[in-house]
Structure formats: structure tokens, C-alpha cells
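# Remarks on the overall topology
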Amino acid sequence: MAKVLLLYASMTGNTELIAEIVRETVERYGYEVVTKTFEMDPIDVDELCRYDGLLVGTYSEDDGALPFEVEDFYEDLNDVDITGMAAGVFGSGDSFYATFGGAANALGDRLEKKHARLVPERLIIDLEPDNDDAIRCQKFAETFCRMMEARVKSDDA
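Below: a short report on this structure. (Residues numbered from 1 in each chain as written. Predicted model: local features only at pLDDT ≥ 70, side-chain atom pairs only at ≥ 80, totals over all residues. Heavy atoms only, no water.)

Two elements, strand S1 (residues 3–8) and strand S2 (residues 32–37), share six bridges in a ladder whose sense is parallel. Directly across from Tyr8, in S2, lies its bridge partner Thr37. Of the crossover connections in this fold, the one passing from S1 over helix H1 (residues 14–28) to the parallel S2 is right-handed. (Pairing = 2+ DSSP bridges. Helix = DSSP H or I, 4+ residues; strand = E, 2+ residues; numbered from the N terminus. Right-handed = clockwise from strand over helix to strand, strands pointing away.)

Take a look at the structure:
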């Protein structure tokens, strides 16, 4: 069974809600999901090689910056080869601020630079996800799962 690492940082619980919807959807597709939080779990980028896919979520600071608990992971991504790994970024933000979802976009940019196969949509939700946002979360996760299926099929060939 293919394994997915889901990492997230959540200050108010909004990104955690998004992570739960994404995790449930990915698990329905039959993938094993290991969930870790930047706040509570040690995260070493070297362990990424143990997974077939990566989902990363974060809230954004007021100015769109990465939260401090995500900064080391972001920098350490420079030291790992994730070429071809299916990946997706998600997060919560507040559209009140000029840079909406800047942290999730920064992570997406870094993953693209590292040649991960990124879900085209960077899923950024304004504050707490509502019913329409929950559907967006599910579609995001389904797109990720289709990318995982394509990777598993190409690895089996």
C-alpha cells in the first residue's frame, strides 16, 4: 500500500480542519496516511524518501510569511531529492491581508523547485472552511490521489 505523509501547521484550527478533510478523502482512496503536525512532531526531511506522496498545509502569518514552526522544514527541503514525488499544498489564510495564503504558496514554489509533481491547485481557504470549501478540499485530495495512481502505475510498468 502506498504511503502519504501529511504535514500541517495550524494556529486557530482552520488548517487542521482542511487537513482532516484531505486525510479522510485520501484514505477513502486506499492510501495509508501518516499525519504529523509541525507544532508537535519531529519532522526530518530525510524521512520523505519513505513515502510515495506528500501533502503539506500551513496557515500564513499576517504578512503572508511562513510560520516559525514551518521554517526549518522549508529550508531543509533544499537538502532532499523529491523529484517526481506527488505533492500538494494547502492552507488557510485571511483575505483581509494583502498577501493571502503566502505561506502555502511559498511551500508550493519550493516543492516545484525541487521537481515534485504538484497538484495544480494550491488549496488556500479563507479562514474556516465552509461547505463549499469542504468540496474544494475533497476535489484537491482526489486530484492528488489520481496523481498517486498514475505514479504507482508507472512504477509497476
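Don't stop here, the text continues.
Most of strand S3 (residues 53–59) sits inside the fold, with seven of its seven residues counted as buried. Residues Gly53, Leu55, Gly57 and Tyr59 point to one face of S3 and Leu54, Val56 and Thr58 to the other, with burial holding for every one of them. Relative to S3, S1 runs parallel, the two being bridged by five bridges. Bridge pairing in S3 places Leu6 opposite Leu55. Pairing geometry for S3 and strand S4 (residues 86–93), over seven bridges, is parallel. Note that in S4 the partner of Thr58 across the bridge is Gly91. (Buried < 20%, exposed > 50% of the residue type's maximum accessible area, 1.4 Å probe, protein only.)

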